[in-house]
There are 2 protein chains.
Amino acid sequence: EQIARERDQERARGRETRYRVVLEASETPILVIDPEAGRIEDLNGAAALLLGARRDALQGSAVAQAFEGRRRGEFTEALRRAAADKDAPHLEALARRSGRALRLVPELFRASGDMAMLVRLQPVADEERGGSELS
Amino acid sequence: EQIARERDQERARGRETRYRVVLEASETPILVIDPEAGRIEDLNGAAALLLGARRDALQGSAVAQAFEGRRRGEFTEALRRAAADKDAPHLEALARRSGRALRLVPELFRASGDMAMLVRLQPVADEERGGSELS
């Protein structure tokens, strides 16, 4: 029983390491969000760069705080709506620290009972701005 | 004890799901390799596209098989050497099925005791080819 438990824990650590290595190797800027708490669980260097802050400053912080004029409940609700929207599955927001206009592409998934949310960030070119802006 | 074990397993499943969702969300083509067996443990859709085969056909197969004129032992050894090479931390190879020249950028990491290897794939433009070609 104890050995089985140690094997499970080892396997969990292996998965954890693979998760972190793959997240960081991705050039796609990615945030992993707890949609209940509205907090950034994890992010990669590419995402920190677009948001204009160090990764350790962003990890664990409220995702709404990283954007201009966003309140926590309203923002995570907008992300949830976008994740379910087939026509416009994204929203745009201005990164507070970098001043950059970003498109957020959210995806809800179930991870061991809880819902989690992956958000891809894409810089928005100036000429594209407008249309789906929500702020 | 039983409850603790179930909690561990639940956590492991959560990490597993996050790993798979992040791997697939990455637009960076990524292979995760078992460097001992020389097999592809996991890959994302972007990597399958460059290699010219379905993901399920590639998952679990020998990584050397996906490239022209590569033998398994020699190929994983070349990947290991490249991972340790500060000056040229990559190698080039021709994807057997797609015929595309690819740069492979390997990174060794330790995951719960075993070594694992992440390999990023980059298409090589025709004019860049030569130099570090190994085949």
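As a convention, each chain's residues are numbered from 1 in the sequence order in which they are written. Chain labels run from A onward and ligand labels from 1 onward, assigned in the order the entries are written. Reporting in this predicted model follows two pLDDT cut-offs: at least 70 for local features of residues, and 80 or more for side-chain atom pairs to be given and counted; totals over whole chains, interfaces and linings ignore these cut-offs and use all residues. As a convention, hydrogens and water are excluded, and side-chain values are obtained from all of the structure's heavy atoms.

In this section: the sheet that holds strand β3 (residues 91-94) of chain B. Residues and elements named next belong to chain B. A pair of strands counts as paired when DSSP detects no fewer than two bridges linking them. We count a stretch as a helix when DSSP gives it H or I for four or more residues in a row; a strand needs E for two or more, and each element gets its number in order from the N terminus. What the five strands build is an open sheet, ordered β2-β1-β5-β4-β3; its pairing is antiparallel. Edge strands, defined here as strands with exactly one partner in the open sheet, are β2 (39-43) and β3. The sheet shows a mean angle of 35° between the axes of neighbouring strands, taken without regard to direction. Strand direction decides the pairing type here: strand β1 (residues 30-34) and β2, joined by four bridges, are antiparallel. Opposite Asp 34, over in β2, you have Arg 39 as the bridge partner. Note on definitions: a residue-residue contact is assigned when non-hydrogen atoms from the two residues lie within 4.5 Å. Axis angles are defined between N-to-C directions and span 0 to 180 degrees, where every axis is a line fitted to C-alpha atoms and, for a helix, only to the segment in contact. Sheet contacts for helix α1 (residues 2-25): β1 and β2; angle to β2, the most-contacted strand, approximately 85°. Its contacts with the sheet put helix α4 (residues 72-84) on β1, β2, β3, β4 (101-111) and β5 (114-123), and the angle it makes with β4 is roughly 75°.

Of the transformation placing chain A onto chain B, the axial shift is 0.0 Å and the rotation is 180°, giving an RMSD of 0.0 Å. Here the copies are linked by what is in effect a two-fold axis. Residue by residue, 100% of the interface of chain A is reproduced at the interface of chain B, so both copies engage with the same surface. Only residues with pLDDT of at least 70 in both copies count here: their C-alpha atoms drive the least-squares fit that superposes the copies.

This next bit is on the pattern of salt bridges. By convention in these notes, a salt bridge is any Lys or Arg side-chain nitrogen within 4 Å of a carboxyl oxygen on Asp or Glu. A full pass over the atoms with the stated rule returns 22 salt bridges over all chains. The shortest N-O distance in the salt bridge between B:Arg103 and B:Glu92 comes to 3.0 Å. Pair noted here: B:Arg103 is in strand β4 and B:Glu92 is in strand β3, with a separation of eleven residues, a long-range link. What you see here is one network of salt bridges that share partners, running through A:Arg15, B:Glu16, B:Arg20 and B:Asp42.

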